[in-house]
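Survey of secondary and tertiary structure
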Amino acid sequence: MRIPLIAGNWKMNTTVKEAVKLVRDMLDGLDRIEGVEKVLCPPFVFLAEIGGILKSSSIKLCAQNMHFTTKGAYTGEISPLMLKEWCEFVILGHSERRRYFGESDEIVNKKITAALENRLKPIMCVGEKLEENEAGRTEEIIGRQINQGLNNVQPTRNIVIAYEPVWAIGTGKAASGQQAAATIKFIRNTLAKLWSEDAAQDLRILYGGSVTSNNVAEFISQSEIDGALVGGASLRAEEFVNIVNQTAAIKERSLPAEQSKP
């Protein structure tokens, strides 16, 4: 069984005081939930502070981005060497990085390679724009992002894929569970051709894009979907804990009887 994963991407939000309060407000609730890998993605400048709070918990840290070299004359950038002390995961290829900062599939590929070399687990984001979706180009776009983003990357369980349709991010317009599952099945089939069927089945694939406690069950109940990359809802402690709780309950019910808890 693939262990479900819920990651909360705070993006460029919170002051340090707000970040500390947010994580303390959700800490006990998240820590009690079993059967789900729980990941928080605060801004770079709060990683040490939040890492200290989470040190003895079951909650893991994730950076929102990184450079593909370990050091050098790259003013303002953060290297994998700087992150690995605090983080287990790093988000790479997010549509906001692609759109606002011109990150190409080739750059994403370099970052994924660097992350793995430094024992960081990439959460690699893929997704199509609204006009691409409406033109029926979803599989073309995502197929290219997968094949180029993972070019020369060896099969590994240490990568997570997040399908985030660009038209659903921060818009309140989520895909349907069936839509998301169909695209994620295509992603898994693409991975099977790139790597192998076994490697594709081992890899966790998440949905992201306007996920809330009101709609998360629609996604998590799909067998192809292994969790969620949550944006705005992760900035509300009770809401985020609710999302993780629902995920744990749904995935536990889907286990074969011999694997379920008594």
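Located above this text is the structure these notes cover.
In this text, all values refer to a predicted model and were calculated from it rather than measured experimentally. (Residues numbered from 1 in each chain as written. Predicted model: local features only at pLDDT ≥ 70, side-chain atom pairs only at ≥ 80, totals over all residues. Heavy atoms only, no water.)

1. Notes on the packing of aromatic side chains
Think of a pair of aromatic rings as described by two things: how far the centres are apart, and how the planes are tilted against each other in angle. If you walk through the whole model with that rule in mind, you get 2 aromatic pairs. A centroid spacing of 4.2 Å and a plane angle of 15° characterise the contact between Tyr207 and Phe219, whose relative ring orientation is stacked. In this pair, Tyr207 is assigned in strand E7 (residues 204-208) and Phe219 in helix H10 (residues 216-220), connecting sequence segments 12 residues apart. Judged on exposure class, the residue Tyr207 and its partner Phe219 are both buried. Each member of the aromatic cluster is reached from another via a ring pair, and the members are Tyr163, Tyr207 and Phe219. Lying over the aromatic face of Phe101, Arg97 brings its terminal NZ or CZ to 4.1 Å of the ring centre. (Phe/Tyr/Trp six-rings, centres within 6.5 Å; stacked < 30°, edge-to-face > 60°. Helix = DSSP H or I, 4+ residues; strand = E, 2+ residues; numbered from the N terminus. Buried < 20%, exposed > 50% of the residue type's maximum accessible area, 1.4 Å probe, protein only. Lys NZ or Arg CZ within 6 Å of the ring centre and 35° of its normal.)

2. Quick notes on the environment of Ala233
Tracing the backbone shows Ala233 in the loop between strand E8 (227-230) and helix H11 (237-253). Each C-alpha atom of the pair Ala233 and Ile243 lies 8.7 Å from the other, and the pair is 10 residues apart in sequence.

3. Observations concerning the pairing of strand E6 (residues 160-163)
Alternating positions in E6 separate into two faces, Val160 and Ala162 on one and Ile161 and Tyr163 on the other, with burial throughout. By the bridge criterion, 4 bridges tie strand E5 (residues 121-126) to E6 in an arrangement that is parallel. The residue of E6 that forms the bridge with Val126 is Tyr163. Relative to E7, E6 is paired through 4 bridges, and the arrangement is parallel. Across the sheet, residue Ala162 finds its bridge partner in E7, namely Leu206. (Pairing = 2+ DSSP bridges.)

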